[in-house]
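# Commentary on secondary and tertiary structure
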Amino acid sequence: MIEWDPRLYKWEQIADVVAERIKDGAYPPLSLISEVRLQEEFDVARVTVRKAMQALRDQGLITTKPGKGSIVSPNEFRS
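## Side note on the sheet that holds strand S1 (residues 32–33)
Strand order in this open sheet of three strands is S1-S3-S2, and the pairing throughout is antiparallel. This sheet does not close on itself; its edge strands, each paired only once, are S1 and strand S2 (62–65). Pairing analysis gives two bridges linking S1 to strand S3 (residues 69–72), with the strands arranged antiparallel. Bridge pairing in S3 places Ile33 opposite Ser70.

## Quick look at the pairing of S2
Sheet analysis places S2 next to S3, joined by four bridges and oriented antiparallel. Following the sheet pairing, Ile62 is matched in S3 by Val72. Where S2 folds back onto S3 in an antiparallel hairpin, the turn is made up of three residues, including Gly67, whose phi is positive at roughly 80°.

## Quick word on the nonpolar core
Counting 18 residues, the largest nonpolar core has Val18, Ile22, Tyr27, Ile33, Leu38, Met53 and Leu56 as its most contacted members. For this core, the secondary-structure elements that each account for two or more residues are helix H1 (10–24), helix H2 (35–42) and helix H3 (46–58). Not counting residues up to four positions away in its chain, the partners in contact with Leu56 are Ala15, Val18, Ala19, Leu61 and Ile62.

## Quick word on the packing of H1 against H2
At a minimum axis separation of 12 Å, H1 and H2 run at an interaxial angle of 115°. Where H1 crosses over H2, the handedness of that crossing is right-handed. In this structure, H1 contributes Ile14, Val17, Val18 and Arg21 to the contact, and H2 contributes Leu38, Glu41 and Phe42.

Definitions and cut-offs
Residues numbered from 1 in each chain as written. Predicted model: local features only at pLDDT ≥ 70, side-chain atom pairs only at ≥ 80, totals over all residues. Heavy atoms only, no water. Pairing = 2+ DSSP bridges. Helix = DSSP H or I, 4+ residues; strand = E, 2+ residues; numbered from the N terminus. Core = buried A, V, L, I, M, F, W, Y, C linked by side-chain atoms within 4.5 Å. Buried < 20%, exposed > 50% of the residue type's maximum accessible area, 1.4 Å probe, protein only. Contact = heavy atoms within 4.5 Å. Axes fitted to C-alpha atoms, helices over the stretch in contact; angles between N-to-C directions. Left-handed = near helix turned anticlockwise from the far one by under 90°.

Bear in mind that shape data such as this cannot, by itself, settle questions of function.
Right under this line is the structure:
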């Protein structure tokens, strides 16, 4: 369970955790990231996870295809 920082939105903190996991290799390139699993892991609403996923997309760390899910971007496309 994460200790939430009251100065930041939960979605920001989730995005930071997932970004670290991507950078550390815990989520390798092209691996699927499940919104449902993140929702359960962090015990937050689905909309909170979706905001975190949008932040990760904006950073170029993941790509999302409707009906397919979100995957970690290949290394060559990360900024």
